[in-house]
Amino acid sequence: VVTPFEQLKITYEGQVCLLDDPLQMANPRTAFAENPMVDCSVQLDVRGISPMYGGRPVNPDGSDIEQEAEKSFAKAHYEQHVAMTGTIVVGEEVLEIDGLGLRDKSWGPRFWQAVHWYRWLPLVFGPDFAMMLSVIGGDDPDRPPRQGGMVLADGEFHLIRECSIESDWDEHGYQTGMRATGRTDERSYEVEGEVISLIPLRNRRTTPEGEQLVTRITEAMTRYRCDGRTGIGMSEYLDQVVDGRPVGPDLR
């Protein structure tokens, strides 16, 4: 951290697993065993271009909110749209980085099974226009999912009051595209997304009673369109896996 919330440096020197087919990560042990490890160097300069979104929730008197650890997804969380420059070297390939994105930071206990399912879309069209859309669902089908996020417009955040995300899927149940709507106090936004590349991740945990819990997280580089502009972002979808199937209601 160079200047909190304003400038950070990211560096890495080590190896990475180079995948021809990112879908192999559905079985990470096989993916790491059957693909080459190559040298990697990362040198990035990150600068905030927006206010901070989020923080640490507390009680009215300022004390910490008590929560069972296994029901915690993060003690606190914030996000910030950023500009980034630098280089990433993978093997003999040098990638020059000069672009925009979103940095999110969580801390505290993290149990991936604490959330039933969610759809999280961070996207950037330019330094003057970006957004994050979020829909988080619980295991009670009669309770509507939580909807939220923000729109960055001309240096200010406008909170999302209502949000919906409708997705397209491939034969594996991975997202290939989506249509999202978000409404702030000022206006509504219509967003279309097209997945460019996707990698599936998983988390497994065994309870003290011996039950194995499995969470699937799909991370996809996604091209977005809104208000006649084209931008880049991610689509991160999380689902608990029950009886071999992800639980998200939009997958059924």
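Rules behind the numbers
Residues numbered from 1 in each chain as written. Predicted model: local features only at pLDDT ≥ 70, side-chain atom pairs only at ≥ 80, totals over all residues. Heavy atoms only, no water. Helix = DSSP H or I, 4+ residues; strand = E, 2+ residues; numbered from the N terminus. Buried < 20%, exposed > 50% of the residue type's maximum accessible area, 1.4 Å probe, protein only. Contact = heavy atoms within 4.5 Å. Lys, Arg positive; Asp, Glu negative; His and termini not counted. Salt bridge = Lys/Arg side-chain N within 4 Å of Asp/Glu carboxyl O. pLDDT = per-residue confidence, 0-100. Pairing = 2+ DSSP bridges. Polar contact = N/O pair within 3.5 Å; in protein donor to acceptor, adjacent residues only side chain to side chain.

Student: Teacher, can you tell me more about the environment of Glu-96 here?
Tutor: By secondary structure assignment, the location of Glu-96 is in strand β5 (residues 93-107). Assessed through its relative accessible area of 61%, Glu-96 is described here as exposed. With near-sequence residues (within four places) excluded, Glu-96 lies in contact with Gly-86 and Thr-87.

Student: Explain the side chain of Glu-219 to me, please; I cannot follow it from the model alone.
Tutor: Mapping Glu-219 onto the fold places it in strand β13 (residues 212-226). The charged side chain of Glu-219 is buried without a salt bridge, its nearest counter-charge being Arg-110 at 8.6 Å. For Glu-219, the contacting residues outside a window of four places in its chain are Ser-197, Leu-198, Ile-199, Leu-201, Met-234, Ser-235 and Glu-236.

Student: What is the right way to read the confidence of the model for the protein from this model?
Tutor: Parts of the model with low pLDDT should not have their predicted coordinates read in detail. On average, residues of the protein score 92 in pLDDT, and 96% of them are at 70 or above. Predicted confidence in the protein is weakest over strand β3 (residues 53-55), with a mean pLDDT of 85, and strongest over strand β2 (residues 37-48), with 98.

Student: Can you walk me through the pairing of strand β9 (residues 156-159) in this structure?
Tutor: The side chains of a regular strand alternate, first on one face of the sheet and then on the other. Across 4 bridges, the pairing between strand β8 (residues 146-153) and β9 is antiparallel. Across the sheet, residue Met-150 finds its bridge partner in β9, namely Leu-159. Connecting β8 to the next strand, β9, in antiparallel fashion are 2 residues, including Asp-154 with a positive phi near 55 degrees.

Student: What is the right way to look at the pattern of salt bridges in this model?
Tutor: Pairing between side chains becomes possible if they bear opposite charge and their charged atoms approach one another. Applying the stated rule across the entire model yields 12 salt bridges. Taking the shortest distance from any N to any O, the salt bridge between Arg-47 and Asp-45 comes out at 3.1 Å. The exposure class of Asp-45 is buried, given its relative accessible area of 12%. We note a salt bridge from Arg-179 to Glu-166, for which the minimum N-O separation is 3.4 Å.

Student: What is the right way to read the environment of Ala-220 from this model?
Tutor: Residue position: Ala-220 is located in strand β13. By relative accessible area, Ala-220 is classed as buried at 1%. Taking the C-alpha atoms as reference points, Ala-220 and Gly-233, 13 residues apart in sequence, are found 8.5 Å from one another. Leave out the neighbours within four places in its chain, and Ala-220 touches Gln-175, Val-195, Ser-197, Leu-198, Gly-233, Met-234 and Ser-235.

Student: Just checking my understanding: could you explain the side chain of Glu-236 for this structure?
Tutor: Looking at the secondary structure, you find Glu-236 in strand β14 (residues 229-242). For the buried residue Glu-236, which engages in no salt bridge, the nearest side chain bearing the opposite charge is Arg-110, 6.9 Å off. In this structure the side chain of Glu-236 is engaged in a polar contact, spanning 2.5 Å, whose partner is the side chain of Tyr-118. Sequence-distant contacts of Glu-236, defined by excluding residues within four places in its chain, comprise Tyr-118, Arg-119, Trp-120, Ile-217, Thr-218 and Glu-219.

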